[in-house]
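Spelled out, the chains give:
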Amino acid sequence: MKKKYWELERNVLILIAIPLPVFAFAYLYTTSGNMELPIPTFPIWLSMFLLVGIPLLLAFSYFKFNGGIKQLRNAEIPLEEKVQQYCKMTMSRFRQLFVAGFLCAFGLIVYENPGFTVAYAVTLVLTSLAKPTPDRIIRLLRLKEEERATVEGFKIREG
């Protein structure tokens, strides 16, 4: 289980790190004015679609994850199964946050609308609040006694 947790943490960090420079480039491009890129023109309705779609994607991700967590709180499910399902749900959530980050960068560079910067800031907040840690797993799954001690052991890296 510990190995599965560390793989999850590595994969989540990758999904967090990749959109950051893409959005940073889009932000610097739109604010500096020093560079001109041949950016194709897209219909304005796509901008509105994205500005509505990104928050919907973030909300969907949040509610789907929390709904799954509620099902995992069943005491009859073995800890290993709980952790495995938590890892799957977390990866799904971070893939959705990954997509949201790229959509924000795309929208900002194409439409130069500051709403995409706000959407990305919200995405980053949700990303930081959702990052898996042993303490978060314990709290979300409401683990007690032996299960809690086992998950707290995830904090210690081995070799």
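The shown structure was predicted, so the numbers you read here are calculated from the model rather than taken from an experiment.

Definitions and limits used
Residues numbered from 1 in each chain as written. Predicted model: local features only at pLDDT ≥ 70, side-chain atom pairs only at ≥ 80, totals over all residues. Heavy atoms only, no water. Helix = DSSP H or I, 4+ residues; strand = E, 2+ residues; numbered from the N terminus. Buried < 20%, exposed > 50% of the residue type's maximum accessible area, 1.4 Å probe, protein only. Contact = heavy atoms within 4.5 Å. Areas by Shrake-Rupley, 256 points an atom, 1.4 Å probe, with all protein chains shown as cover. Lys, Arg positive; Asp, Glu negative; His and termini not counted. Charge placed at Lys NZ, Arg CZ, Asp CG, Glu CD. Core = buried A, V, L, I, M, F, W, Y, C linked by side-chain atoms within 4.5 Å.

Enquirer: Describe in detail the overall build of the protein chain, supporting the description with residues and values.
Expert: Summing up its helical and strand segments, the protein chain has seven helices and zero strands in all. Along the first, second and third principal axes, the C-alpha atoms of the protein chain reach 60 × 35 × 20 Å. Evaluated residue by residue, the protein chain yields a buried proportion of 38% over its 159 residues. Across the protein chain, every contact between residues at least 6 apart in sequence was considered, and the portion connecting residues at least 24 apart equals 77%. Roughly 9,500 Å² of accessible area belongs to the protein chain as shown, and the carbon and sulfur atoms make up 63% of that amount. Taken together, the 19 basic and 13 acidic charged side chains of the protein chain have centroids lying 3 Å from each other.

Enquirer: Tell me about the nonpolar core, and please be specific about residues and values.
Expert: Counting residues in each nonpolar core, the largest one holds 43 residues, and the members touching the most others are Ile69 and Tyr86. For this core, the elements supplying multiple residues, two or more each, are α1 (2-17), α2 (19-32), α3 (44-72), α4 (79-111), α5 (115-130) and α6 (134-141). With 15 residues, the top contributor of residues to this core is α4. Ignoring anything within four residues of it in the chain, the contact list for Ile69 reads Tyr86, Met89, Leu140 and Leu141.

Enquirer: Please set out the side chain of Thr127 residue by residue, giving values where relevant.
Expert: Within the fold, Thr127 resides in helix α5. Apart from residues no more than four positions distant in its own chain, Thr127 is found in contact with Ile16, Phe94 and Leu97.

Enquirer: Outline the environment of Val118, supporting the account with residue identities and numerical values.
Expert: Along the chain, Val118 falls in helix α5. On the basis of relative accessibility, which here comes to 54%, the residue Val118 falls in the exposed class. For Val118 and Arg136, which are 18 residues apart along the polypeptide, the C-alpha to C-alpha distance reads 26 Å.

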